[in-house]
There are 4 protein chains.
Amino acid sequence: MGWDTYNAYGLDYNETVLKVNSQLLVDLGFRDLGYNVIILDDNMQLRQRDAKGNLQENKKNFPSGLKNISNDFHAAGLKFGVYSSAGRYTCGQVAGGLDHEVADATWWAGLGADYLKYDNCYNEGRSGTPKISYDRYAVMSKALRDTGRNITFSLCNWGDDKPWEWGGDIANSGRISGDIYDSFSRSAPQCPCGPDEYYCQLPGGGCSVMNILGKAANIAWKSQKGYWNDLDMLEVGNGGMTYDEYKTHFSMWAGVKSPLIMGNKLNKLSPQDYAILINPAVLALSQDSDGSAMVRRRRQSVDDKDEYGFGEVQVWQCGLSGGDQAVAFLNGGNNTRTITSDLIEIFGGIPTEDKAAKAWRVYDLWGDATVMSNAEAGRILNGTLLPAQASRYFNRTEMSFEEAIDRNMTSVMGTYVNTVGAFGSISAEVPRHGTALLRLRPVKSQMRKRDEL
Amino acid sequence: MGWDTYNAYGLDYNETVLKVNSQLLVDLGFRDLGYNVIILDDNMQLRQRDAKGNLQENKKNFPSGLKNISNDFHAAGLKFGVYSSAGRYTCGQVAGGLDHEVADATWWAGLGADYLKYDNCYNEGRSGTPKISYDRYAVMSKALRDTGRNITFSLCNWGDDKPWEWGGDIANSGRISGDIYDSFSRSAPQCPCGPDEYYCQLPGGGCSVMNILGKAANIAWKSQKGYWNDLDMLEVGNGGMTYDEYKTHFSMWAGVKSPLIMGNKLNKLSPQDYAILINPAVLALSQDSDGSAMVRRRRQSVDDKDEYGFGEVQVWQCGLSGGDQAVAFLNGGNNTRTITSDLIEIFGGIPTEDKAAKAWRVYDLWGDATVMSNAEAGRILNGTLLPAQASRYFNRTEMSFEEAIDRNMTSVMGTYVNTVGAFGSISAEVPRHGTALLRLRPVKSQMRKRDEL
Amino acid sequence: MGWDTYNAYGLDYNETVLKVNSQLLVDLGFRDLGYNVIILDDNMQLRQRDAKGNLQENKKNFPSGLKNISNDFHAAGLKFGVYSSAGRYTCGQVAGGLDHEVADATWWAGLGADYLKYDNCYNEGRSGTPKISYDRYAVMSKALRDTGRNITFSLCNWGDDKPWEWGGDIANSGRISGDIYDSFSRSAPQCPCGPDEYYCQLPGGGCSVMNILGKAANIAWKSQKGYWNDLDMLEVGNGGMTYDEYKTHFSMWAGVKSPLIMGNKLNKLSPQDYAILINPAVLALSQDSDGSAMVRRRRQSVDDKDEYGFGEVQVWQCGLSGGDQAVAFLNGGNNTRTITSDLIEIFGGIPTEDKAAKAWRVYDLWGDATVMSNAEAGRILNGTLLPAQASRYFNRTEMSFEEAIDRNMTSVMGTYVNTVGAFGSISAEVPRHGTALLRLRPVKSQMRKRDEL
Amino acid sequence: MGWDTYNAYGLDYNETVLKVNSQLLVDLGFRDLGYNVIILDDNMQLRQRDAKGNLQENKKNFPSGLKNISNDFHAAGLKFGVYSSAGRYTCGQVAGGLDHEVADATWWAGLGADYLKYDNCYNEGRSGTPKISYDRYAVMSKALRDTGRNITFSLCNWGDDKPWEWGGDIANSGRISGDIYDSFSRSAPQCPCGPDEYYCQLPGGGCSVMNILGKAANIAWKSQKGYWNDLDMLEVGNGGMTYDEYKTHFSMWAGVKSPLIMGNKLNKLSPQDYAILINPAVLALSQDSDGSAMVRRRRQSVDDKDEYGFGEVQVWQCGLSGGDQAVAFLNGGNNTRTITSDLIEIFGGIPTEDKAAKAWRVYDLWGDATVMSNAEAGRILNGTLLPAQASRYFNRTEMSFEEAIDRNMTSVMGTYVNTVGAFGSISAEVPRHGTALLRLRPVKSQMRKRDEL
């Protein structure tokens, strides 16, 4: 969890941008929720290396120097993230890391870097099989480890050559698609592969939320502790989607356990968008210690398509630690509808599934119990209320999500809705492009102990 | 033929599991039918190697030590099978064999291993062309041979990079798909390639019986003596399918000459499932010395789809030793139906085919003559009857299938149904998701000797 | 042009087979038409090499020894063709040439070999990119050249890794598909790629004539002098197709300039099939010095499908030396029909094409002028008439096709039908699964000399 | 921008061809518009190298010698372009550059070459992954740089192995498809991949304008300053398309920023075709300093298909320097129609897009203001009028397009049509297979300065 310059600023960011946003990460309570890494995305270094072959800072944009900026972050309890590309240049055409891995890892470690996002542009054609791509990225993985510094390694090769097969050997997360675009379902020629085409010959960019989520559906099960599928950064707050669409975007990224890296301008956040990003019940789902990613249980075409021709209802599910379950009803149709699913479908479509034969208490993660009011959110944003003073703010630094879950606290459990009996059904009214996100808890411990044999 | 821990126990098995099931392999007569290898699947070794780089036993799970367990198996006339992955880790994240092939093969040989199932997880991206995958697996093949011990090598790379093209050079069998799931036709996002997509970019798991069988259809002819397509382990006995579905599963795995490795809990077997697994007529088909795999002769979409949208009728055929033929009528529709096929279709659709111009006696391999009654099966399972005392049990150790076939014994021939004339048709009523499995024998020897020229 | 043991005899041929068929190649006039190479296909050598690593003859099948057989062929004016595989074994599991290229090429040269068919079985996974396959076959190409003997190199890797891209650098011809089957349009699971899928992940075998021809359509233009697309051997004479189907098979193989290698039993030929194979007008088209392969100009689905669901009308065309043109109207529907095409379509669909603006004399290559009567053919086959005495036999050894074409001889021109004017249409009644094969000759030389600029 | 021998002359060109066309490049004013490189395409060198391994001139075709020809070009203010293939031979089977890169680059530099078109034939199978192809072409890139001469490197590997991923590391442009054919929409078997299949296993040749444009749509965004997608040479003037089709061809090649290399006979140009090629407003769009390629915003199937079954309406857009915009309405239907699109669609389909909320002045780039009359064009072509004397000729050597744009000159702005308000629509009547090409200029500077944060 963190914040990255790219989605909102592109190549055009500087020290002021970093100062303003890092301060707001702290002041708005994001840091204490876990959003604690700031990533300086593309355009941090110059195009030319120095005489020794080392990277050079962009002193014009960062007059204080990167080391001082990094120190400031660390002093504020934040982590310092950097960016480069496993190519001759980065996508923004400054110096890339290919064939300079040791020098660059050393340089970053010297700056106190905690995180590397490593892109795929200008890769000199070193792709085409998993082996070729693995070999290219593994060099940097080793260089990072050899610095002795703990640097999170975030693969960004857009799903090329199937990183879900090999990324776990060398990295902490791996992108699965072309770059995200701030749209729910727009199709664009620069993102030519549809939502089913997880194995894509041209990942491109400009990919909508529904496009990327579709690609994630088939490979969600490849995510696990230690290596996460990365669906790209969050667009919440950038204005291209409705409130319900942003809730869907955030709910599903949390459900499939994608890294949650904000890509907005924190000084421009609306109260509604702020309330989305700090919803503790959704964050507790994202950070659940079980680490299981949601699996799609239903994909149903509907007739009420939106302006881009998209129209689907989807049902997703995953297990959570302690036997709880998470369920999402995604209404990708163009009208409000009631979505209903029975426990057999929710748990995978097998009538003999044990979990379908139990009763569950159902909690709504977007209910009143966890969503901050616009009034309170507005006051926090304008500085007249501290997060700690707000009624729906959760300070994860003071209490972990796990502990809150163990205590059955409303702030992470969500709003109780009803109880569903064995083989029963769950229904929810879901607005256009919205998502009902639910937590299910066994009525009592009915999980039979596994037979010894 | 054998038994493996994975389908029923996952990573969660131990010495007790092995003792109970190995004893039942003997007591229930499985061993004497040919099910004589026990495979300790994923989680046999620890994640860490010892100081010399050797594998380490999981002593907590196997307090007697693996060598003693292996000795016990051998003493009982059973073979000792092991598991690892051609990767840094196994799928269950204990130590894998990649780049440790000689050490590991030596270790297994020292344990008295007779069989290795070698998986594909955490392979460091060494895939993408047949050559890359071949090179990775060939190292282990050589290491096994160099131990001097005869160890069956079972490739498990899920059909990645087309093992049917190269597996025969180095191994005894090769998986063709993602892992099986205990369902007849459920589709699942983690098994994204449909039954036609034998060349799959994401083999995944959770694949249904009909999904895997479809993938086998196009590559069935690549199976031959010395190298068999492996459709993954049997789910018979695990509860996810109906009696007819399990009979289809077992019939077709036998027909396409897949290895028959049980993946159940032998102490939980129902009489019906037990009777499936010990049907001598089906096993004689599976173990036929001719080694030809069934070929699909018809694939017909039908309107009565099941709840997962699957609805197909299929006809399969292969030749057997001595001129007999095997034919399967698979009813993948949702209702009982009569399936009819004429000899021209059965033998490949060529009107000039010699075999279509002959008369054949038809035997039903699932008729009364070969299927044990529930009563008898139940008494064997509860220990009040010895297999040798039952009326439909065949002791392959006492008499080979070949000899029984030569003697025209009902126990391996099946139940005589009728005789079909030249260019005639065969019909069978087949229940929903069931299969009529037939043996055809020439009325008299009409096979013309091949022309000298 | 030649004759090969495989289609008719499989692995089961011997010295007698060779003697009978080689004698008939001479006696029936095939040799003098250009069918002058006999290929000993799979199973010529033993599975084991000798102590020095050299191939060993199969002395049981060839008691006189291969060298003597080769000498006999040469004495009879025939060429000696051999077979192996770029793998550990051949498809029939005797010793293959991989990593023994120099030894084997030397051995073959010592036997006097003139032709090598080099297969793709047991290739140790050395495939997956054009480069990997090229490297494997190029070694043998060099080894053959280094023997100093002129040995035609016939690639047989089934279209794997796109030999049409690189075969011309190292070989004389290259197979484009899985093995042919003696059927016009049957589909079979072992040939899973349809007629459009020239880039096939499982070439397989059992491919019908229409399946292979479809694959050829997109790559026909890659054939040129020095490297020909090979559509596999001829099935004419083996009984699986009708007279019209065999004429289509032969016409189209000739039209796309595939090697014409018979795969039949010459002592079992029917008069009709014999008359197909010796039609001089079709052979003159096949052997035309211009070397252009026919291009498909129309592919039209029709409603009268055959029993396998196939139903297409196709129009093909290519230029010939001297300005003549060849046109084929293929009726792949299930009923006789009249096929009509205008010159614009025939010449590529461009209204401004010069050739469409000319008048042409039309000749039928399957008319009375070139097809031998059953009576005469029968007498040749039963030895009561010498080919030289028959009225429709053409002795290419006495006069080349080129000279006959220059002399405007009916035997190679075909039967004059009519004249089509500029932008006019040609029609022909074509039986079910038959082909009208036409030669067009300019009414007078209207080909404008190319502008200097 | 330049002129190449291939489309009009194939392998059959000589010194006279070069002299006539180079003279006309000057006399007809093409050079002064930027068409200043002449490329000697396939067949410049002999098949055999000399004793030292160097290329040899084709002295028969070029009796003055290539060096003298090159000197003449340079003296006339033209650049000298050469051609070869990254293979053993060129497509026309003369000596290719593979494994002779240094020798050949040196030879070309000695001839004064300014441009290399480097093809893909006879590449010895060195393809199959981006890495393999990159490695093959990168050798020549380095060899060219090492000559010390500034030689533009034009990749011509037909889109094989995705040059848009790696071409920018080593070259100035890269072909994306098989060879162009002088037809608007004809489909041909030698160009088997449809307009969507940018990732094509057989690029082939004979590809129509709409086929190639379709392939460009998905990768247009990969073009940028320093590396351009090359849609192949222009067919304008060769007679296979109508006036409207040629205007579409030229408009779209300019819009997607393809190199504009004429492939015609300059002494055969019609007045209409000449007027297309010299339209300064379209050329100013092509050469815009912003370097953004048009993106397709709409692809709409229509019912009025043409004779080849093609029928689509397309809308394309890109930004230009200074805030102007370019828009194309392509009518690929078979009848004249009015095409209408609103600003939201034109700018990417996002309702919140700033550019949609502005007013724009609309200019027609094919209006009277920029298209030379047939009368004037005819007089220039017959030598009775100098380009400088004509009313619609723009001399780019005297004034750059940039300056003319800055001055708001009609000759580069086009004909003013009307003004469209915020969120308004633009309509244009477009003939069959024609294109309305528009420039949009903000009514006044309404582009908000980017927020500091």
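Above this text is the structure in question.
What counts and how
- Residues numbered from 1 in each chain as written.
- Chains lettered and ligands numbered in written order.
- Predicted model: local features only at pLDDT ≥ 70, side-chain atom pairs only at ≥ 80, totals over all residues.
- Heavy atoms only, no water.
- Helix = DSSP H or I, 4+ residues; strand = E, 2+ residues; numbered from the N terminus.
- Rg over C-alpha atoms; globule rule 2.2 N^0.38 Å.
- Buried < 20%, exposed > 50% of the residue type's maximum accessible area, 1.4 Å probe, protein only.
- Contact = heavy atoms within 4.5 Å.
- Areas by Shrake-Rupley, 256 points an atom, 1.4 Å probe, with all protein chains shown as cover.
- Least-squares fit on C-alpha atoms with pLDDT ≥ 70 in both.
- Pairing = 2+ DSSP bridges.
- Axes fitted to C-alpha atoms, helices over the stretch in contact; angles between N-to-C directions.
- Buried area = accessible area lost by both parts, 1.4 Å probe.
- Salt bridge = Lys/Arg side-chain N within 4 Å of Asp/Glu carboxyl O.
- Polar contact = N/O pair within 3.5 Å; in protein donor to acceptor, adjacent residues only side chain to side chain.
- Phe/Tyr/Trp six-rings, centres within 6.5 Å; stacked < 30°, edge-to-face > 60°.
- Expected span 1.5 Å × (residues − 1).

**Student:** How should the overall build of chain A be read in this particular structure?
**Tutor:** Summing up its helical and strand segments, chain A has 15 helices and 16 strands in all. Taken over C-alpha atoms, the radius of gyration comes to 22 Å for chain A, in line with the 22 Å a tight globule of 453 residues would show. In terms of overall dimensions, chain A has a C-alpha envelope of 70 × 55 × 55 Å along the principal axes. Expressed as a percentage of its 453 residues, the buried residues of chain A come to 64%. Pairs at least 24 residues apart make up 72% of the contacts formed inside chain A by residues separated by at least 6 positions. Element-wise, carbon and sulfur atoms account for 46% of the exposed surface of chain A, whose accessible area totals about 15,500 Å².

**Student:** Explain the relation of the copies chain D and chain A here, please?
**Tutor:** You can overlay chain D on chain A at an RMSD of 0.0 Å; the transform is a turn of 90° with a shift of 0.1 Å along its axis. Within this description, the copies of the chain are treated as partners about a four-fold rotation axis. Closest approach to the rotation axis among the C-alpha atoms of chain D is made by D:Thr129, whose C-alpha sits 5.1 Å away.

**Student:** Can you help me understand the sheet that holds strand β13 (residues 360–364) of chain B in this one?
**Tutor:** Each strand in a sheet pairs with another by means of backbone hydrogen bonds, the pair being arranged parallel or else antiparallel. All names here are of chain B. Pairing in this open sheet of 6 strands is antiparallel, and the strands run β9-β10-β11-β16-β13-β14 from one edge to the other. Of all the strands in the sheet, just β9 (295–301) and β14 (415–420) have a single pairing partner and so form its edges. Direction aside, the axes of adjacent strands within the sheet are offset by 20° on average. Note: β13 against strand β16 (residues 435–442), 5 bridges, orientation antiparallel. The residue bridging Tyr363 from the neighbouring strand is Arg439, located in β16. In the packing of helix α8 (residues 209–219) onto the sheet, contacts are made with β9, β10 (312–319) and β11 (325–331), and the angle to β10 comes to roughly 50°.

**Student:** I would appreciate a short explanation of the relation of the copies chain C and chain B in the present structure.
**Tutor:** For these two chain copies, the linking operation is a rotation about an axis paired with a shift along it. Between chain C and chain B, the superposition needs a rotation of 90° and an axial shift of 0.0 Å, giving an RMSD of 0.0 Å. Interface overlap between copies: only 3% of the residues of chain C at the interface are likewise at the interface in chain B, consistent with a contact formed by different surfaces.

**Student:** Please explain the interface of chain C and chain B as it appears in this structure.
**Tutor:** For an interface, size is often stated in terms of accessible area lost upon the parts coming together. The partner chain B presents 29 residues to the 36 residues of chain C that form the contact. The largest contributions to the chain C side of the interface with chain B come from C:Pro189, C:Gln201 and C:Leu202, which together make up 23% of the buried area. Viewed at the interface, chain B and chain C are joined by 0 salt bridges. Where chain C touches chain B, the interface holds 8 residue pairs in polar contact (both at pLDDT 80 or more). Put simply, the parts of the chain that give the side of chain C that touches chain B at least two residues each are α1 (6–9) and α2 (15–27) of chain C.

**Student:** What should I look at first to understand the pairing of strand β15 (residues 425–430) of chain A in this one?
**Tutor:** The two faces of a sheet get side chains in turn, since along a regular strand they alternate between them. Residues and elements named next belong to chain A. Only one face of β15 is covered, namely the face carrying Ile426, Ala428 and Val430; the face carrying Ser425, Ser427 and Glu429 is uncovered. Sheet topology note: the strand β12 (residues 337–342)/β15 ladder contains 6 bridges and is antiparallel. Residue Asp342 lies in a different strand from β15, and its bridge partner there is Ser425.

**Student:** Before we go on, may I ask you to explain the pattern of salt bridges in this structure?
**Tutor:** Charged atoms that come close allow side chains of opposite charge to pair. Per the stated rule, a full pass over the model turns up 90 salt bridges over all chains. Between A:Arg441 and A:Asp324 there is a salt bridge, and its shortest N-O distance comes to 2.8 Å. Of the two residues, A:Arg441 is situated in strand β16 (residues 435–442) and A:Asp324 in the loop between β10 (312–319) and β11 (325–331); the sequence distance between them amounts to 117 residues. Residue classification places A:Arg441 among the buried residues on the basis of a relative accessible area of 17%. Taking the shortest distance from any N to any O, the salt bridge between D:Arg88 and D:Glu124 comes out at 2.9 Å. Highlighted residues: D:Arg88 in the loop between β3 (79–85) and α5 (101–111) and D:Glu124 in the loop between β4 (115–119) and α6 (130–146), separated in sequence by 36 residues. Judged by relative accessible area, which is 29%, D:Arg88 ranks as partly exposed. Looking at D:Glu124, the relative accessible area reads 13%, which means it is buried. Members of the salt-bridge network, linked through shared partners, are A:Arg88, A:Asp99, A:Glu124 and A:Arg126.

**Student:** How do you make sense of the packing of aromatic side chains when you look at a structure like this?
**Tutor:** The geometry of an aromatic ring pair comes down to the distance between the two centres and the angle between the two planes. Tallying each qualifying case throughout the model produces 63 aromatic pairs over all chains. For the ring pair C:Tyr118 and C:Tyr137, a centre distance of 5.7 Å and an interplane angle of 90° mean the geometry is edge-to-face. With C:Tyr118 in strand β4 (residues 115–119) and C:Tyr137 in helix α6 (residues 130–146), the pair connects residues that are 19 residues apart, well separated along the chain. The pair formed by C:Tyr118 and C:Tyr137 is uniform in burial state, with each residue classed as buried. Here the aromatic rings of D:Phe73 and D:Phe80 are separated by 5.8 Å at their centres, their planes lie at 55°, and the arrangement is tilted. As far as the burial class goes, D:Phe73 and D:Phe80 line up, both buried. An aromatic cluster of at least three residues, connected via ring pairs, comprises A:Tyr118, A:Tyr134, A:Tyr137, A:Phe153 and A:Trp166.

**Student:** I would appreciate a short explanation of the sheet that holds strand β11 (residues 325–331) of chain D in the present structure.
**Tutor:** Residues and elements named next belong to chain D. If you trace the 6 strands from one edge of the open sheet to the other, you get β9-β10-β11-β16-β13-β14, paired in antiparallel fashion. Only two strands of the sheet have a single neighbouring strand rather than two, namely β9 (295–301) and β14 (415–420). For this sheet, the mean angle separating the axes of adjacent strands, direction not counted, is 20°. The sheet contact formed by strand β13 (residues 360–364) and β14 spans 5 bridges and is antiparallel. From the neighbouring strand, Val362 faces β14, where its bridge partner is Asn418. Along the sheet face, helix α8 (residues 209–219) touches β9, β10 (312–319) and β11 and points at about 50° away from the line of β10. In the packing of helix α9 (residues 243–255) onto the sheet, the strands contacted are β10, β11 and β16 (435–442), and the crossing angle to β16 comes to about 40°.

**Student:** Explain α6(C) here, please?
**Tutor:** Along an α-helix, residues three or four apart share an orientation, since each turn contains 3.6 residues. With 17 residues, α6(C) extends 24 Å between its outermost C-alpha atoms, agreeing within 8% with the 24 Å of an ideal straight helix rising 1.5 Å per residue. For α6(C), the full list of buried residues reads C:Pro130, C:Ile132, C:Ser133, C:Tyr134, C:Arg136, C:Tyr137, C:Ala138, C:Met140, C:Ser141, C:Ala143 and C:Leu144. In this structure, the buried side of α6(C) is in contact with α6 (130–146) of chain B together with α5 (101–111), β4, β5 (152–155) and α7 (163–166) of chain C. Positive backbone phi, approximately 85°, marks C:Gly148, located one or two places after α6(C).

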